[in-house]
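Structure assessment
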Amino acid sequence: KASKVAPTSSGSTEQDESLEITDADEKAGAEMMEKLLNAMKDMPNNEESKEKEFQEKLARQQADFDNFRKRIEKEKQETIANANANLISELLPTLDHFELALKHNKDKGVEMIYEELNEILKKNGLKKIKTDGNFNPNIHEAVVSVEGDKNGVILEEIQRGYLLNEKLLRASKVKVSRLKETK
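Residues numbered from 1 in each chain as written. Predicted model: local features only at pLDDT ≥ 70, side-chain atom pairs only at ≥ 80, totals over all residues. Heavy atoms only, no water.

Now for the packing of aromatic side chains. With the rule as written, the count across this model stands at 2 aromatic pairs. An angle of 35 degrees between the planes, with centres 6.5 Å apart, marks the rings of phenylalanine 65 and phenylalanine 68 as tilted. Placement of both phenylalanine 65 and phenylalanine 68 in helix α2 (residues 46-104) is noted, with a separation of 3 residues, approximately one turn of the helix. Classification of phenylalanine 65 by relative accessible area gives exposed; the value is 54%. On the basis of relative accessible area, phenylalanine 68 is assigned to the partly exposed category, the value being 40%. (Phe/Tyr/Trp six-rings, centres within 6.5 Å; stacked < 30°, edge-to-face > 60°. Helix = DSSP H or I, 4+ residues; strand = E, 2+ residues; numbered from the N terminus. Buried < 20%, exposed > 50% of the residue type's maximum accessible area, 1.4 Å probe, protein only.)

Further remarks concern the packing of α2 against helix α3 (residues 108-123). Across the interface, α2 lies against α3 with an axial gap of 10 Å and an inter-helix angle of 150 degrees. The angle between α2 and α3 falls in the class roughly antiparallel. α3 is crossed by α2, and the crossing has left-handed handedness. Together, Ile88, Leu91, Leu95, Phe98, Glu99 and Leu102 of α2 and Val110, Glu111, Ile113, Tyr114, Leu117, Asn118 and Leu121 of α3 make up the contact between the two elements. (Axes fitted to C-alpha atoms, helices over the stretch in contact; angles between N-to-C directions. Parallel < 35°, antiparallel > 145°, perpendicular 65-115°, else oblique. Left-handed = near helix turned anticlockwise from the far one by under 90°. Contact = heavy atoms within 4.5 Å.)

Regions of empty space are outlined by a rolling probe, equal in size to a water molecule, passed over the atoms. The computed volume of the largest pocket comes to approximately 280 Å³. Around the largest pocket, the lining residues are Pro93, Asp96, His97, Glu99, Leu100, Lys103, Glu157, Ile158, Gln159 and Arg160. Only α2 and β7 (154-159) provide two or more residues apiece to the lining of the largest pocket. The leading source of residues in the lining of the largest pocket is α2, at 6 residues. Looking at the second largest pocket, its volume works out to about 210 Å³. As for the second largest pocket, its lining consists of Glu78, Ala81, Asn82, Ala85, Leu164, Asn165, Lys167, Leu168 and Leu169. For the lining of the second largest pocket, the secondary-structure elements that each account for two or more residues are α2 and β9 (167-170). Of the residues forming the lining of the second largest pocket, the biggest block, 4 residues, is contributed by α2. Considering only residue class, the lining of the second largest pocket consists of 5 nonpolar, 2 polar and 2 charged. (1 Å grid on protein atoms, 1.4 Å probe; cavity = no way out; pocket = protein on both sides within 12 Å on 5 of 7 lines; lining within 4 Å. Points joined across faces, edges and corners; volume = space filled by probe spheres on them. Nonpolar A, V, L, I, M, F, W, Y, C, P; charged D, E, K, R; others polar.)

What follows is the structure, given as structure tokens:
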């Protein structure tokens with residue numbers, strides 16, 4: 001069945017010879033309309049998409065803030081560690097003077113002050129570098145070398161070295177042996 005429909009200037013439709021709509025056209029149009037309606041149902045409505053977009057932005061902002069907070073905390077800890085390193089580094093000559101004084105004079109009061117200062121520094125991460133054994137260029141500085149039977153053995157500690165929180169603060173200045181030169 002075919003009918004002829006044409007719009008008039010008033011907007012109503014009248015039968016006309018210029019446009020012919022078949023049953024197949026009506027069926028195809030109905031199928032297209034159904035597909036379009038189904039596609040529109042699958043699409044989120046504007047409010048839902050705005051809410052989802054807002055939630056995604058909020059999640060990103062929260063992650064950014066969390067990363068910022070962690071970075072600030074890490075920088076704060078590094079600043080504190082650096083401040084401690086500077087202060088402890090400035091105290092090392094005083095510690096050296098205490099050791100020198102105790103070598104020449106076994107004053108009980110000076111020894112107590114020295115021990116107390118050492119304890120405080122130890123609690124803040126200061127550790128003495130061991131100088132017994134072989135020379136390690138990462139933590140020892142050879143200031144004197146003498147001929148000996150073995151190469152790289154530490155013979156004497158000239159100035160004590162320290163690690164602060166397992167990082168080198170001051171290298172130990174040492175006297176090391178080197179093999180005798182054969183001519």
